[in-house]
Amino acid sequence: MSSNRTDAPKQSELAGTQTPDRANTNTKLQNLEQARSDATGQALRTNQGVRIADNQNTLKAGARGPSLLEDFIMREKITHFDHERIPERIVHARGTGAHGYFQSYGNHSALTKAGFLQDPEKVTPVFVRFSTVQGPRGSGDTVRDVRGFAVKFYTDEGNFDLVGNNMPVFFIQDAIKFPDFVHAVKPEPHNEIPTGGSAHDTFWDFVSLVPESAHMVIWAMSDRAIPRSLRMMEGFGVHTFRLINAEGVASFVKFHWKPRQGVHSVLWDEAQKLAGKDTDYHRRDLSEAIETGDYPEWELGVQIVPEADEHKFDFDLLDPTKLIPEELVPVTPLGKMVLNRNPDNYFAEIEQVAFCPGHIVPGIDFTNDPLLQGRLFSYTDTQISRLGGPNFHEIPINRPVAPNHNNQRDAMHRQTIHKGRASYEPNSIDGGWPKETPAGPQDGGFESYQERVDAHKIRERSESFSDHFSQARLFFKSMSPNEQQHIIKAYSFELGKVEREYIRERQVNEILANIDLDLAAAVAENLGLPAPKAGTVKAPQSKLKTSPALSQMNHPGTVGIKGRKIALLIANGVDGASVDTLVKALEAHSARPMLLGPTSAPVKTAEGKALPVDASMEGMPSVMFDGILVPDGKASLDALGASGVAKHFLLEGYKHLKAIGVAPQGKALLDALGLKTDKGLLLGDDQKTVEAFVKAVEAHRVWEREAAAEAIPA
Ligand code: HDE
């Protein structure tokens, strides 16, 4: 966890890369890099500490002769390189992460005795890793998939890992089905296709045969599976956990992370294009936001269910395919998490971090959710092969800030050099240390919640886990019309890629028809299947008809357009004053304007000045932006109108429902593109138009336009 990064200059200190003085900018960049590096001023040495005189040439018998085996410098270097890779995670291989801190809003001692939730002054360091599930380490960021949301709290009482996802439920109810599910969703075994997605036969074969997956699959077919940014995702602990206070009183809880940036997604066409045009879209977005000081923030909250109310719901709290609607049990905010530091080294931190749902601290405990119980075994087991043995807790990113003395010894890659003779307990040689701490209200040793268990040893699924469709239906019914259409299209797209017709039919007739007949009929029509009959499973109708909290549209966030990326399309002859006004207006809202030219070369303004650009329109296509502005300047507008790349930029931005503002002289450009003004396509550059543009970006997308945008070619 140690790092010198906090003292290093920030990228934000390089603000003003627009300056024409590129040499100055380059020197600043070099200074920044050198301040960051721990090798600055250091000699190049071998791993044994020997200074290296020549890092260019292998030791040879003569300049043109054979290489000599005795060249320990070359062999050490190549041997180390040969072993640079470790096994990637079997699931969640593609990830990124950041450091930050957690702070409690107050004293939550009535709920839990966990120390990090007692004192609003207490700052607990955290490390977060976000991930996709299906794809390998090099896969695209914007594939349709669940996102992992794993948080390590380095608390004074030991590490607490909240290893959650950006969806509140899961595909299966029992851990024993996890390898089956993962084998089905992973690329097909004969050709390793597809990379990163679920649009293939084995996935749909499995889920169409396993109705308990219906609820999670509809989440995966919703916009939640294609987030705009990792900063704009909710996070969920999924399982029901227990919080326990100093008096031993336990409550059931579901953990929630609510992003201040709001919950937003990209459109499916955008997601697919981004996967090619900016494979690193999400990791770039996260690290840029932190680098520029726009620190992502989430609120940690819990839904609290008193023990006495365990059986009050029409589903089982232990069933991980169910959520507790927020309308029934609201989320109580506990504190906030801020991510404010990028990792220094991807491998050392993001790749080597080892999460485990079993890492808990006094005041938190598990429930009998059979998925959670299986996870408690799996994560440590997986680290042993991934990180090469049981000493992974000594890797810097995994080290607790709390001391961890015990009598565990040796094993692969042991770092600690233990002193003393006694590595057993009880002992008298070392005075009996380290000693147990009796369980107690505060600062006591960990004590498991004393749950009475008196039952037959049995392999059985509880009857209370048998309703698989009510909450899937509740989810669909709670969506806005736009979101419902996206879900219909996602099922149609994915099932359209399924080659075996009997799998498509089974999904439509046996799963979708039991969720919602309109949904099933729409998907069937798109697949050319006969209209489905009403589902045969008599799932109880949940008392709640809709749960507005499930729709992303009801989570706009609280930060306005802060950090949103806006493209300004310019060419020679652009009105410099117009660019200036727009940039200033956006900066006043803390948005991130970027100037895009026909190439990466500076653009000549109407006033005759050379205006450096941030990128070319081809280099940073419209899918990388939240909004587009076209400043004034007749020659510039004419040049954009004659450029296929610029026209595509605007049409694509329109198709993806983005806010677009065009200076008044640009009317001809819009006419030529056949685009009509709407709530988010604005003609004008006065204050009022700029404010309307800002409002449209704030709304994330111009949803009213979606039907009209259908006509625009992809
Ligand atoms: Fe995981 N899961 N999982 N999972 N999971 C792993 O652990 C597993 C489940 C989740 O960024 C693995 O270190 C089983 C639910 C996240 O490093 C592995 C079951 C949820 C991450 C594993 C589940 C998750 C993992 C692979 C069913 C949401 C990435 C590498 C019983 C609550 C953590 C590793 C990171 C990773 C097993 C189900 C979330 C194999 C057996 C439910 C966010 O141990």
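Criteria and thresholds
- Residues numbered from 1 in each chain as written.
- Predicted model: local features only at pLDDT ≥ 70, side-chain atom pairs only at ≥ 80, totals over all residues.
- Heavy atoms only, no water.
- Donors = N, O, S within 2.8 Å, 3.2 Å for Na, K, Ca; no water.
- Helix = DSSP H or I, 4+ residues; strand = E, 2+ residues; numbered from the N terminus.
- Near = heavy atom within 4 Å.
- Polar contact = N/O pair within 3.5 Å; in protein donor to acceptor, adjacent residues only side chain to side chain.
- Nonpolar A, V, L, I, M, F, W, Y, C, P; charged D, E, K, R; others polar.
- UniProt positions renumbered as here; feature names shortened; annotations may be inferred.
- Salt bridge = Lys/Arg side-chain N within 4 Å of Asp/Glu carboxyl O.
- Buried < 20%, exposed > 50% of the residue type's maximum accessible area, 1.4 Å probe, protein only.
- Axes fitted to C-alpha atoms, helices over the stretch in contact; angles between N-to-C directions.
- Contact = heavy atoms within 4.5 Å.
- Pairing = 2+ DSSP bridges.
- pLDDT = per-residue confidence, 0-100.
- Phe/Tyr/Trp six-rings, centres within 6.5 Å; stacked < 30°, edge-to-face > 60°.
- Parallel < 35°, antiparallel > 145°, perpendicular 65-115°, else oblique.
- Left-handed = near helix turned anticlockwise from the far one by under 90°.

**Q** Looking at this structure, how should I read the coordination of the iron atom of the ligand?
**A** Geometry sets the ideal angles at a metal, namely 109.5 degrees for four tetrahedral donors and 90 or 180 degrees for six octahedral donors. Protein coordination of the iron atom of the ligand is limited to a single donor, Tyr379 (OH), which sits 1.9 Å from the metal. Within the secondary structure layout, Tyr379 lies in helix α9 (residues 370-386).

**Q** Teacher, can you tell me more about the site of the ligand here?
**A** Inspection of the region around the ligand gives 23 residues, with Arg89, Arg129, Ser378, Tyr379 and Gln383 positioned closest. Here an oxygen atom of the ligand and a side-chain polar atom of Arg129 are 2.7 Å apart. Between a nitrogen atom of the ligand and a side-chain N or O atom of Arg375, the distance comes to 3.5 Å. Mapped onto the shell around the ligand, the elements with two or more residues apiece are β3 (147-155), β4 (158-165) and α9. For the shell around the ligand, the class distribution of residues is 11 nonpolar, nine polar and three charged.

**Q** How should I be thinking about the UniProt feature "domain: Catalase core" (unreviewed entry) in the protein chain in this particular structure?
**A** The feature "domain: Catalase core" (unreviewed entry), as given by UniProt, occupies residues 45-433 in the numbering adopted here. Span residues 45-433 is 20% helix and 20% strand, its end C-alpha atoms 41 Å apart.

**Q** What am I meant to see in the pattern of salt bridges here?
**A** One side chain can pair with another of opposite charge once the charged atoms of both are near each other. Considering all chains together, one arrives at 40 salt bridges under this definition. A salt bridge links Arg506 to Asp205; the nearest nitrogen and oxygen atoms lie 2.6 Å apart. Of this pair, Arg506 sits in helix α12 (residues 501-515) while Asp205 sits in helix α4 (residues 201-209); the two residues are 301 residues apart in sequence, bridging distant segments of the chain. Relative accessible area serves as the criterion here: at 29%, Asp205 is assigned to the partly exposed category. Within the structure, one salt-bridge network assembled from shared partners comprises Arg228, Arg231, Asp285, Asp294, Lys562, Arg564 and Asp626.

**Q** Would you mind showing me how to read the packing of helix α3 (residues 178-185) against α4 here?
**A** How two helices pack is summed up by the angle between their axes together with the distance between the axes. Their axes nearest at 6 Å, the elements α3 and α4 cross at an angle of 145°. Seen from α3, the contacting residues are Asp180, Phe181, Ala184 and Val185; seen from α4, they are Thr202, Phe203 and Phe206. Across the contact of α3 with α4, the residue classes break down as five nonpolar, one polar and one charged.

**Q** Any chance you could explain the sheet that holds strand β17 (residues 659-662) here in plain terms?
**A** Strand order across the open sheet formed by six strands is β15-β12-β11-β16-β17-β18, with parallel pairing between neighbours. One side of each edge strand has no neighbouring strand; the edge strands of this open sheet are β15 (615-616) and β18 (681-683). Strand direction decides the pairing type here: strand β11 (residues 565-569) and strand β12 (residues 592-597), joined by five bridges, are parallel. Opposite Ile566, over in β12, you have Pro593 as the bridge partner.

**Q** Looking at this structure, how should I read the confidence of the model for the protein chain?
**A** Any segment with low pLDDT has predicted coordinates that should not be analysed in fine detail. The predicted model of the protein chain averages 94 in pLDDT, with 96% of residues at 70 or higher. Below pLDDT 50 for its whole length, residues 1-20 participates in 42 contacts with residues either more than four positions away or in separate chains.

**Q** What is the right way to look at the packing of aromatic side chains in this model?
**A** Geometry of an aromatic ring pair is reported as the spacing of the ring centres plus the angle between the planes. Throughout the structure, instances matching the rule amount to 26 aromatic pairs. Ring centres of Phe102 and Phe116 lie 5.7 Å apart, and the angle between their planes is 70°; this geometry places the pair in the edge-to-face category. With a gap of 14 residues between them, Phe102 in strand β1 (residues 95-104) and Phe116 in the loop between β1 and β2 (123-132) connect regions that are remote in the sequence. Ring centres of Phe130 and Phe149 lie 5.0 Å apart, and the angle between their planes is 85°; this geometry places the pair in the edge-to-face category. In this pair, Phe130 sits in strand β2 while Phe149 sits in strand β3, placing the two residues 19 residues apart along the sequence.

**Q** How should I be thinking about the side chain of Arg242 in this particular structure?
**A** Within the fold, Arg242 resides in strand β6 (residues 241-244). Within polar-contact distance, the side chain of Arg242 engages the side chain of Glu451 at 3.5 Å. In contact with Arg242, not counting residues within four places along its chain, are Ala250, Ser251, Phe252, Val253, Glu307, Gly363, Ile364, Asp365, Phe366, Thr367, Tyr449 and Glu451.

**Q** So what exactly am I meant to see when it comes to the packing of helix α11 (residues 481-496) against helix α13 (residues 517-527) here?
**A** Where α11 meets α13, the closest approach of the two axes is 9 Å, and the angle between their N-to-C directions is 40°. By the angle between their directions, the pair α11 and α13 is classed as oblique. When you trace α11 past α13, the crossing you get is right-handed. For the pair α11 and α13, the contacting residues are Ile487, Ile488, Tyr491, Ser492, Leu495 and Gly496 in the first and Leu519, Ala522, Val523, Asn526 and Leu527 in the second. Here the contact of α11 with α13 is built from residues that sort into eight nonpolar, three polar and no charged.

**Q** Looking at this structure, how should I read the pairing of strand β16 (residues 627-630)?
**A** On a regular strand, each side chain points to the face opposite its neighbour's, so the side chains alternate between the two faces of the sheet. Taking every second residue as pointing to the same face, both faces of β16 are buried, with Gly627 and Leu629 on one and Ile628 and Val630 on the other. Relative to β16, β11 runs parallel, the two sharing three bridges. Within β16, the residue paired with Leu568 across the bridge is Leu629. Here β16 pairs with β17 via four bridges, running parallel.

**Q** How should the side chain of Glu234 be read in this particular structure?
**A** On the secondary structure map, Glu234 appears in the loop between α5 (214-220) and β5 (235-236). A polar contact of 2.6 Å, which involves the side chain of Glu234, links it to the side chain of Arg224. Among the polar contacts made by the side chain of Glu234, one reaches the side chain of Lys258 at a distance of 2.9 Å. With residues near it in sequence (within four places) discarded, Glu234 still touches Phe149, Asn165, Asn166, Arg224, Trp257, Lys258, Pro259, Val263, Glu326 and His555.

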